[in-house]
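# What the coordinates show
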Amino acid sequence: MALALSVTPTSSSSCVLSRNPSPNFKTTLLNFASPRRIHAINPLHRSFQCLQSPSQHLNTSPFTTSAVTSSSSSQTTELVLQRLVKEFKSLTEPIDRLKWVLRYASLLPPMPDSSRTESNRVMGCTARVWLDAELGQDGKMRFWADSDSDVSKGMCSCLIQLLDSATPEEVMELKTEDLVELNVGLLGGERSRVNTWHNVLVSMQKKTRRLVAEKEGKAPTFETFPSLLLTSDGIEAKGSFAEAQARVQQLVKVLKEKKIGVSAHFYMDPEVQGVLTAAQKHWPHIYISDSLIMADAAVKMAKAGCQYITVLGVDFMSENVRAILDQAGFGEVGVYRMSDETIGCSLADAASAPAYLNYLEAASLSPPSLHVVYINTSLETKAFAHELVPTITCTSSNVVQTILQAFADMPELNVWYGPDTYMGANIVKLFQQMTLMTDEEIANIHPKHNLDSIRSLLPRLHYFQEGTCIVHHLFGHEVVERIKYMYCDAFLTAHLEVPGEMFSLAMEAKKRDMGVVGSTQNILDFIKKKVQEAVDRDVDDHLQFVLGTESGMTKTTRPEYKHTFWKHRRIE
């Protein structure tokens, strides 16, 4: 078995298809995009004319789909969809619907072996699915598909009924919501099968978008994201990630001689983390973690005999390390920052601004109130805020549960979240989407809440309007457009700190089980789950993830992948 994994943060009558298929992947490609950290260390994308109806015979040549009958060519995508819906709804028993899907599978023409490439794989399906396309000289789209599952093959056949010989505009106008009626009763409503409709459609639209752009000579000049090549034999950096991985022995020598421990935030540049990870093999007192763990790691290193702690992070992280070391009785251990100059954090700065003071004063005038402050703020801010209004600190991992628990304990509470505006807006969006859930679904998120309580808390949930993470802020329209064009069929992940457009894109993918939104740990868990599912299928697979957070997460996710690949390695 070979498993290919790409992770990308913060696309005429008897003619012969012209293709340049990529070779089969026998390695694992991880692509990531995210803006570089400000404080870097250097160098450190109608019907099927030969498939008139389920009862008619099919021309099996994959390249003669332009043999059009006048009746089928007059059918619009909408009419074909209505016919398919009517067919499936007329079958009241699930087993009969399944048989009808299998009937369609038998009518799908064979796909050329040359099209069964990794570049034509449809991501996110339970079984392996391949899709190929061409834009004919008549301006109409042609599609071919295949799968190693007859059920998935039948679903592809239905979609080809809809969109083969359609115009590019018709292909792009079809929405996944239009396919809901086709899900009735299939395999008892199994979610993974339902996703096949969605994922194949997304791939059809990605290929259509690219073919149209190429024909018009308007293909966007998007650059691919930086990447890591991951296999069971090791990892090879690509692009900017390949830089600055030297001088490891020199670094280790200095750390050992001076007994220096290193506490680094995992959002540091991946180039820096690559050096630190290599150095860990020779000097164990190097920790890469989130801001909560950095100070605890410093205490561990002090107990192990380190006389100095170097903090690779912004100022509030350094002060937190200093405070926790003092509290633990290690006042003599020196703490060093990366620079004599201020190493600021836009969120921490926002929480120190007069506008945030006004926000807290408004909270103090609206009892009962609770201030939920993001950990990415200074100790001074937290202490000052607590003098005005009761304050608790949260992380992206527990902010949703923290807010829900607070409202459960005090139903009439006013909650004031800050300072991250994007995270606050995204939390509100999450709660608004919960109003579309059943009481049972809501209870699975928090046992003390239901539809009424979620509706009740929304007017009393406030968030600060003037604070953003300048790095996550860059996940705006340009990045979203690049993802839509180049990576729309990939797994999408988004941290709670990203802007709304990126957040909404990942939320839409989440509905198809093709995405996740939440904390760094939520993203890690999602990727590990999808990789494990692919390994368990024991087939050649190619997974691609868009990592909607900072590029340093490449190094954080790497150990999880290595463990999965090496634990399940198979020799052919």
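In case you missed it, the structure is sitting above this.
Residues numbered from 1 in each chain as written. Predicted model: local features only at pLDDT ≥ 70, side-chain atom pairs only at ≥ 80, totals over all residues. Heavy atoms only, no water.

## So, the overall build of the protein chain
Heads up, the rule is: What counts as a helix is a DSSP run of H or I of at least four residues, what counts as a strand is a run of E of at least two, and both are numbered from the N terminus. Note on exposure labels: buried denotes an accessible area under 20% of the residue type's maximum, exposed denotes more than 50%, and partly exposed covers the range between, all computed with a 1.4 Å probe on protein chains only. Note on areas: Shrake-Rupley, 1.4 Å probe, and residue coverage restricted to the protein chains presented here.
Secondary structure summary: the protein chain contains 21 helices and 17 strands in total. Here the protein chain holds 572 residues, and 55% of them are scored as buried. When the accessible surface of the protein chain is summed, it comes to about 24900 Å², and 52% of that surface belongs to carbon and sulfur atoms.

## Comments concerning the sheet that holds strand β13 (residues 414–418)
The criterion, for reference: Only strands that DSSP links by at least two bridges are regarded as paired with each other. Every axis in this analysis is a line fitted to C-alpha atoms, fitted for helices over the stretch in contact. Angles between the N-to-C directions lie between 0 and 180 degrees. Should any heavy atoms of two residues lie within 4.5 Å, those residues are considered in contact.
Read across the sheet, four strands follow the order β12-β11-β13-β14 without closing on themselves; strand pairing throughout is parallel. Edge positions in the sheet fall to β12 (391–394) and β14 (461–463), since each of these pairs with one other strand and no more. Each adjacent strand pair in this sheet contributes to an overall mean axis angle of 25°, direction not counted. Both strand β11 (residues 369–374) and β12 contribute to a ladder of four bridges, which runs parallel. Each residue of the ladder has a partner; that of Val372, found in β12, is Ile392. Of the strands in this sheet, β11, β13 and β14 touch helix α12 (residues 354–364), which is tilted by about 170° from β13.

## Quick notes on the packing of helix α3 (residues 94–106) against helix α4 (residues 150–163)
Note the cut-off: Put simply, angles under 35 degrees are roughly parallel, angles over 145 are roughly antiparallel, angles from 65 to 115 are roughly perpendicular, and the rest are oblique.
Interhelical geometry of α3 versus α4 gives an angle of 70° and a closest axis separation of 7 Å. Judged by the angle between their axes, α3 and α4 are roughly perpendicular. On α4, the residues touching Leu98, Val101, Leu102, Tyr104 and Ala105 of α3 are Asp150, Val151, Lys153, Gly154, Met155, Ser157, Cys158 and Gln161.

## Considering helix α10 (residues 315–327)
The condition is simple: How far a helix is expected to stretch is found by multiplying one less than its residue total by 1.5 Å.
Helix length check: α10, at 13 residues, gives a terminal C-alpha distance of 18 Å against a target of 18 Å (1.5 Å per residue), a fit within 8%. Taken together, the buried positions of α10 are Phe316, Met317, Ser318, Val321 and Leu325. Looking at the packing, one finds that the buried side of α10 touches β7 (260–265), α9 (291–303), β9 (308–312), β10 (334–336) and α11 (346–351). Among the residues trailing α10, Gly329 stands out with phi positive, at a value near 90°.

## Observations concerning the sheet that holds β9
Taking strand neighbours across the sheet as the criterion, the four strands line up as β8-β7-β9-β10 in an open arrangement whose pairing is parallel. A strand with exactly one partner marks an edge of an open sheet, and here the two such strands are β8 (286–289) and β10. Mean inter-strand twist for the sheet, computed between neighbouring axes without regard to direction, equals 20°. When β9 meets β10, the two strands line up parallel, connected through three bridges. Bridging across to β10, Tyr308 finds its partner in Gly334.

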